[in-house]
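Per-entry structural report
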Amino acid sequence: MSGTRSVVEVERVSKEFSGLKAVDGVSFNVQEGEVLGLVGPNGAGKTTTIRMLLGIIRPDSGEVRVFGSPLTEKAKDSIGYLPEERGLYRGRRVWETLIYLASLKGVDSQTASDRAGRLLEAVGLESSRNSRVKELSRGMGQLIQFVATVLHDPRLVILDEPFAGLDPVNVRLVKQVISELQQRGSAFMLSTHQMNQVEELCHRVVMIDRGEVVLDGRLLEVKHRFGDNAIHVSCDRVPADLPGVRSLRNEGDHWELSLAEGVKPGEVLQALLERGVSVDSYEVALPSLEEVFVRVVEGRR
Amino acid sequence: MRKTLKVAREELRVMARQLSFRIITVLIPLLGLLAVLGFIAFQALTGGGEPEMTEVGYVDMAGVITGSQQQGNVSFLPFESDGEARKALLADDIERYYVIPSDYLETGQVDEYTMEKGLFPSESGRSALNEFMLANVLSVSALEPVPEQVVQRIRQPVFVNSVRLDERGEQRPPPDYGGYAFFFVLSILLIMAIFTSAGTLLQGIGEEKENRIMEVLLSSLTPGQLMAGKILGLGAAGLVQIVIWVVAGWGILALAAGQVPAFAGISLPGATALLGVLYFVLGYALFGTLFACVGAVTPTAREGNQLVPIFVIPCIIPFYASVAIQSNPAGLFSRILTFFPLTSPVTVMVRLAASGIEAWEIATSALILTVSTLLAMWVAGRIFGAYLLMYGKRPSVREIWHALRGA
């Protein structure tokens, strides 16, 4: 991951719908090769933000730059978008639909055919290429749409709830394709309510609530910010008078040690080892992204 | 432009692959061909020999039958009495017989005896009887002999030879009834082609909204490109259809003209055919654009279809008013229909049929149609983008007005 060039720059973008501020001064950016998680409660303004980014709706104020300049037609050809509300032409065949959608991104039919063949194979649907869309199951239809989203080898991929309705095997297939593309330098924006997927895939997370960005940072850094300065230790015993430890709680297979202000986790580990405690495992206790999410949103209500 | 053409090509491809489109495109010329072939075959079967003679009887108790015993292909045979005539009828020697009572001259009453089972009496027999009675009554010399010429004029008072003059007093060619029929058919086909294409457009937009592929499309294209591509592609499909029909019509006419004298006079001048194509293009562009607007603001294809009659009715008014238009092509009513954009495509066809349209009228109506189409496209461009992603909810008139003002 190079992480040097901005693929998306959103600056103080606002949008109002009949007097209601859907998006209010939102700013964030996405770097090349990065996977950004866009999270937030329902109705927070994520989809509106994405639509403005794609030029589907125009912001009332603020600026969006994609690949370093305001959105151009050519730039659109390098974006793949899987909307949350999605569908395909029900009466048409899978293959025709894929080639058509790729052609709208400026991909010639030969290249599109090559890539469509490979991608269908990657998601295990090569046998459905001549099926009509209405003959497919919902999950299969969703995989086809994912294939259509990345068929033109986009430099920026925006996925809105890409895993909803997919079984675990298909989730894994989609993740594999995402990771391949990401390694080749494509940037991803992933909007989802499945926090475990964000934790697994995303480098950075932006949280939007009521049209405003309320959290923006690298995943680990955000967790640290919301962490309680505690550590989890699996060991045979914990001396009661360990310096810098405020409180101590046994949580079954491990202990949670709450640290006093200013105490670094490493100092406690060193103290434990110096006292001859045998330590099996040791980790800085961090809240899950879901906990962070709930805490932020509830804190604002 | 590149993307617009891609959308156009896809729409054309999908439309051309539709079975209903193919069937209609081929079926209409086929029906025309079958009609002409059927007509030729019918003529060959019936027109070969002399028309068959039928014999009917009469019993004249008024003493008015003195002369002619034959009318067309019906022979009138005298019988002495009702009994004899009935015997002949039962023996199938005659088809029917009439009894002319003694007070015939006062009452005009004649009794018909027939073995026909049909609900209504034979029409040709009735007219033959009329002629037969007329010829004989006029020559009843009891009153005063009427000269043969006067008899002829009473039977057929006038043969009108209509001479049409233009503004300079020069003689114009006689009206072309075959041509009239041809344009009549052409205007039906024009309406069909316009509404097949525009209806497919409406259906397509509704489908794209309903199945939610719209948002994917809009991440690749602007609403304007999408709309233009659809209008172009489906218009091309409609144009292919109408060109096939016109060319096939030409061929069928040529075939018919060689075989059936009634068709020999019909011709389709190239300039007129081009006008037909031009008015298809203009009319379709206007209706297509309007339908695109309807498709954009209505949440589903079904709701959009419910609004279609609003556009269909003005389009077919000139068709139903064609008699009024033809009888006074240059009247106010005809002119209004000629210039009003929603009625002009079919009106111009109807007036071409009546050979009663001036070049300046065509030019003006084409200009008005073009300008209204451009205006409709501008409106559509504003509405289209604003409402394409509005699922399940129809915008209010005020919201549409808002979008139009670009707010």
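Structural data are supplied above this passage.
Keep in mind that what you see is a predicted model, and the values were worked out from it rather than measured.

Attention now moves to the overall build of chain A. Each helix and strand in chain A was counted, giving 10 helices and 14 strands. The dimensions of chain A, computed from C-alpha atoms along their principal axes, are 70 × 50 × 35 Å. For chain A, the residues scored as buried account for 53% of the 301 residues in total. Sequence separation of at least 24 residues holds for 69% of the intrachain contacts in chain A that already meet a minimum separation of 6.

We now examine the interface of chain A and chain B. Each partner contributes to the interface: chain A provides 23 residues, whereas chain B provides 24 residues. Interface area, chain A with chain B, both sides summed: about 2,400 Å², of which 50% is carbon and sulfur. Our enumeration of links across chain A and chain B arrives at seven salt bridges. Among the ionic pairs, arginine 92 of chain A bridges to glutamate 10 of chain B, the shortest N-O distance being 3.1 Å.

With that out of the way, let us pick up the nonpolar core. In terms of nonpolar packing, the biggest core is built from 150 residues, with Leu53 and Leu156 of chain A touching the most fellow members. The next biggest cluster of nonpolar side chains, apart from the first, holds 13 residues, and it includes Val56, Val64, Ala128 and Phe132 of chain B.

The next thing to look at is the sheet that holds strand β1 (residues 6–17) of chain A. Residue and element names in this part refer to chain A. Pairing is antiparallel in the open sheet, where four strands are placed in the order β2-β1-β4-β5. Two strands bound the open sheet, and with one partner strand each, they are β2 (20–31) and β5 (69–70). Pairing of β1 with β2, which is carried by eight bridges, proceeds in the antiparallel orientation. Residue pairing in the sheet places phenylalanine 17 in a bridge with leucine 20 of β2.

The rules we used
Residues numbered from 1 in each chain as written. Chains lettered and ligands numbered in written order. Predicted model: local features only at pLDDT ≥ 70, side-chain atom pairs only at ≥ 80, totals over all residues. Heavy atoms only, no water. Helix = DSSP H or I, 4+ residues; strand = E, 2+ residues; numbered from the N terminus. Buried < 20%, exposed > 50% of the residue type's maximum accessible area, 1.4 Å probe, protein only. Contact = heavy atoms within 4.5 Å. Buried area = accessible area lost by both parts, 1.4 Å probe. Salt bridge = Lys/Arg side-chain N within 4 Å of Asp/Glu carboxyl O. Core = buried A, V, L, I, M, F, W, Y, C linked by side-chain atoms within 4.5 Å. Pairing = 2+ DSSP bridges.

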